[in-house]
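Architecture at a glance
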Amino acid sequence: MSSTYKTENLGLNNWIGSDTPEMEDFNRDNDLIETAVSQHTSDETSHITEAERNKWNNYIYTYTYPGNGNTSRTVDAQCPFDAEFCIVFTDGRSIKDTGSSSQSRNNFGVAVKGSYTLGLRLNQDNTLTVSQSSTAAYSNEFACFNALNSVYVAVFFRSV
């Protein structure tokens, strides 16, 4: 025999002392609970997916890498989203160092997918191609994004 009373929302059994619960009552209640919870958790209007949550919440990602002195290298920052642009700077250095012969060593750069600055490129796969110039790359400008014994900070951004 099912219960004398039922719960308001799901209609689950709500027994009183004189009721005699039976296995089928418990199974019916479990089926009602399973159906209600399943419908609720799969409702993407009421709930967002983990991918959506990450997309909306994570719009800045920071990564550091050590320079190895090579003239060019690809850095995989493992950015968790599709970055729109990136800035890179040398930790503890000014944006630009100017030498005695008016040479400018650039320690700061911005890269946008499909475009780049001197010595810095944001690739379609979210990797960075960074360069270290031993000769002027343009006029008296040197790219300094991979100097040996320097640490670089890369900040990736996605559109919100």
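Note: the structure precedes this text.
For the structure given in this document, a descriptive report is provided here. (Residues numbered from 1 in each chain as written. Predicted model: local features only at pLDDT ≥ 70, side-chain atom pairs only at ≥ 80, totals over all residues. Heavy atoms only, no water.)

Topic: the overall build of the chain
Going by this rule: Starting at the N terminus, helices and strands are each numbered in turn, a helix being any DSSP run of H or I of at least four residues and a strand any DSSP run of E of at least two. Our radius of gyration is a C-alpha quantity, and the globule rule it is checked against amounts to 2.2 Å times the number of residues to the power 0.38. The classification of residues rests on relative accessible area computed with a 1.4 Å probe and restricted to protein chains. Under 20% of the type maximum is buried, over 50% is exposed, and intermediate values are partly exposed. Whether two residues touch is decided by their heavy atoms; if any such pair falls within 4.5 Å, the residues are in contact. Surface exposure here means Shrake-Rupley accessible area, sampled with a 1.4 Å probe, where a residue is shielded only by the protein chains that are shown.
The secondary structure content of the chain amounts to two helices and 13 strands. For the chain, whose C-alpha radius of gyration is 30 Å, the value lies well above the compact-globule estimate of 15 Å for 160 residues. Dimensions along the principal axes, computed over C-alpha positions, put the chain at roughly 100 × 30 × 20 Å. Within the span of the chain, comprising 160 residues, buried residues form 31% of the whole. Once local pairs closer than 6 in sequence are excluded, the contacts in the chain between residues at least 24 apart make up 54%. In the form shown here, the chain has an accessible surface area of approximately 10,200 Å², with 50% of it arising from carbon and sulfur atoms.

Quick word on the sheet that holds strand β5 (residues 85–90)
Note: strands within a sheet are paired through backbone hydrogen bonds, in either parallel or antiparallel orientation. We count it as follows: A strand pair is defined by DSSP finding two or more bridges across the two strands. Only the contacting stretch of a helix is used when fitting its axis, a line to C-alpha atoms as for every element, and angles between N-to-C directions run 0 to 180 degrees.
Pairing is antiparallel across the open sheet formed by four strands, whose spatial order is β3-β13-β5-β8. Looking at which strands have only one partner, the edges of the open sheet turn out to be β3 (60–66) and β8 (108–112). Across the sheet, the mean angle separating the axes of adjacent strands is 20° when strand polarity is ignored.

Description of the nonpolar core
For clarity, the threshold we go by: Side-chain atoms within 4.5 Å are what join buried Ala, Val, Leu, Ile, Met, Phe, Trp, Tyr and Cys residues into a set we call a nonpolar core.
Grouped together as the largest cluster of nonpolar side chains are 19 residues, with contacts concentrated most on V88, L128 and F156. With three residues, strand β13 (residues 151–157) is the single largest residue contributor to this core. Setting aside anything within four residues of it in sequence, one finds V88 in contact with Y65, N107, F108, G109, L120, L128, F145, Y152, V153 and A154.

Details of the side chain of S3
Applied cut-off: Contacts described as polar in this section are N or O atom pairs within 3.5 Å, which, within protein, must combine one atom able to donate a hydrogen with one able to accept it, while residues neighboring in sequence count only if both atoms come from side chains.
Among the secondary structure elements, S3 is positioned in the segment before β1 (5–6). A polar contact of 2.9 Å, which involves the side chain of S3, links it to the side chain of N13. A distance of 3.0 Å separates a polar side-chain atom of S3 from the backbone nitrogen of N14.

Remarks on the sheet that holds strand β11 (residues 128–131)
Spatial strand order, β4-β11-β10-β9: four strands in an open sheet with antiparallel pairing. A strand with exactly one partner marks an edge of an open sheet, and here the two such strands are β4 (72–75) and β9 (116–117). Note that β9 and strand β10 (residues 120–122) share two bridges and pair antiparallel. In the strand pairing of β10, Y116 is matched with R121.

A short note on a nonpolar patch on the surface
Cut-off, in case you're wondering: Each patch is built from salt-bridge-free residues with over 30% relative accessible area, joining like charges within 9 Å and nonpolar side chains (Val, Leu, Ile, Met, Phe, Trp, Tyr) within 5 Å. Counted as salt bridges are all cases of a side-chain nitrogen of Lys or Arg within 4 Å of a carboxyl oxygen of Asp or Glu.
A surface patch of nonpolar side chains, about 220 Å² in accessible area, is lined by L10, I33 and V37. Given a relative accessible area of 47%, V37 falls into the partly exposed group.

Brief notes about the pairing of β8
Here β8 shows a clear split, with G109 and A111 buried on one side and none of F108, V110 and V112 buried on the other. Pairing of β5 with β8, which is carried by five bridges, proceeds in the antiparallel orientation. What sits directly across from F85, in β8, is V112.

Comments concerning the pattern of salt bridges
Charged atoms that come close allow side chains of opposite charge to pair. The final tally for this structure, using the stated rule, is two salt bridges. With a closest N to O distance of 3.4 Å, D29 and R28 form a salt bridge. Exposure remark for D29: the relative accessible area of 9% places this residue in the buried category. A salt bridge links D82 to K113; the shortest N-O distance between them is 2.5 Å. Placement of the pair is D82 in the loop between β4 and β5 and K113 in the loop between β8 and β9, with a sequence separation of 31 residues. The exposure class assigned to K113 is buried, which follows from its relative accessible area of 19%.

Purely spatial values, then, with no claim about function.
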